[in-house]
Amino acid sequence: MKDLFDLQGKRALITGSTRGIGFLLATGLAEYGAEIIVNGTNVERTVAAANALKEKGFKAHAVPFDVTNKAEIEKNVAMIEQQIGPIDILINNAGIQRRHPILEFPEQDWDSVINTNQKAVFLMIQAVGKYMVERKAGKIINIGSMQSELGRDTITPYAASKGAVKMITRGACVELARYNIQVNGIAPGYFKTEMTKALVENQQFTQWLCQRTPANRWGDPGELIGAAVFLSSKASDFVNGHLLFVDGGMLAAV
Ligand code: NDP
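Residues numbered from 1 in each chain as written. Predicted model: local features only at pLDDT ≥ 70, side-chain atom pairs only at ≥ 80, totals over all residues. Heavy atoms only, no water.

**Q** What is the right way to read the pairing of strand β1 (residues 11–14) from this model?
**A** In summary, the side chains of a regular strand alternate between the two faces of the sheet. Burial along β1 is two-sided: the residues R11 and L13 and A12 and I14 are all buried. Strand direction decides the pairing type here: β1 and strand β2 (residues 35–38), joined by four bridges, are parallel. Counted as the bridge partner of L13 is I37 from β2. The handedness of the β1 to β2 crossover, carried by helix α1 (residues 20–31), is right-handed. (Buried < 20%, exposed > 50% of the residue type's maximum accessible area, 1.4 Å probe, protein only. Helix = DSSP H or I, 4+ residues; strand = E, 2+ residues; numbered from the N terminus. Pairing = 2+ DSSP bridges. Right-handed = clockwise from strand over helix to strand, strands pointing away.)

Here's what the structure looks like:
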């Protein structure tokens with residue numbers, strides 16, 4: 001029972017893992033024994049992140065590609081499977097944010113958010129899922145958000161995309177659980193990263209957030225590691241289609 005959370009011998013592809021939450025999850029999974037495939041669109045940042053993991057003594061590979069591009073996804077997933085090894089764990093983490101009032105939201109920004117946060121999750125599951133089905137084993141974790149459940153000013157496409165992540169998670173669970181594939185999600189509350197920098201620096205927002213969150217504070221991205229290790233490991237073999245909120249209690253409070 002003591003090896004329930006052990007990830008030795010497992011290989012994890014984490015999209016958008018050059019910084020922020022993705023990089024922290026990469027470090028966390030590596031500490032539990034997983035070999036990491038780092039991904040991002042920026043080649044230099046992807047190589048630098050993989051090197052940073054290697055310097056800590058972990059096994060890591062840099063595989064830059066754009067998760068909104070089906071051809072690039074398929075080419076790189078095939079390359080990983082054939083040249084690096086089977087992908088045991090897929091974390092769909094890459095995501096972007098754009099802020100505008102709904103009535104003025106530029107169509108192009110709507111498309112970028114939906115393509116990166118929503119369609120890419122579907123494309124990645126298709127590309128990696130077929131190998132997992134052949135092996136009858138796999139763990140897929142999709143990164144949702146508070147906006148998987150709650151709306152908020154100026155970010156309607158983000159909320160639409162994260163609501164869809166919840167339902168892609170459930171749909172994929174229903175179809176893939178029979179192949180011993182667990183598809184779950186993690187929904188982070190508010191965490192201090194590059195994406196939320198403007199909000200962290202906004203004192204009014206931070207004051208509101210601390211009052212609104214039962215834990216009275218911002219989340220530290222490292223606090224997501226436990227959920228990611230759990231959903232990547234044997235410990236969650238009968239947990240499926242679940243969205244685990246890591247939010248200091250925010251969703252539980254009015
Ligand atoms: P960051 O902006 O810090 O990092 C985003 C990562 O995604 C980068 O590595 C970036 O790399 C990569 N990325 C962006 N677009 C693409 C693409 N098309 N293809 C491949 N990689 C891409 O974001 P966070 O760490 O804050 O967020 C990570 C996830 O967590 C997102 O899904 C976000 O919605 C979610 N989340 C974050 C919260 C927070 O409080 N920060 C709260 C709730 C959810 P590059 O620049 O090289 O493309």
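**Q** What's the story with the layout of surface pockets in this structure? I'm lost.
**A** Gaps left between atoms show up when a probe the size of a water molecule is rolled over them. Approximately 1,100 Å³ is the volume found for the largest pocket. Considering the residues around the largest pocket, the lining is formed by 45 residues, among which A94, G95, I96, Q97 and M195 are closest to the centre. Sorting the residues of the lining of the largest pocket by element identifies α1, α2 (43–55), α4 (107–135) and α5 (156–176) as the ones contributing at least two each. Top contributing element to the lining of the largest pocket by residue count: α1, with three residues. Across the lining of the largest pocket, the residue classes break down as 14 nonpolar, 22 polar and nine charged. The space that makes up the second largest pocket amounts to roughly 270 Å³. Considering the residues around the second largest pocket, the lining is formed by 17 residues, among which K10, A137, K139, S232 and D237 are closest to the centre. Split by residue class, the lining of the second largest pocket holds four nonpolar, five polar and eight charged. (1 Å grid on protein atoms, 1.4 Å probe; cavity = no way out; pocket = protein on both sides within 12 Å on 5 of 7 lines; lining within 4 Å. Points joined across faces, edges and corners; volume = space filled by probe spheres on them. Nonpolar A, V, L, I, M, F, W, Y, C, P; charged D, E, K, R; others polar.)

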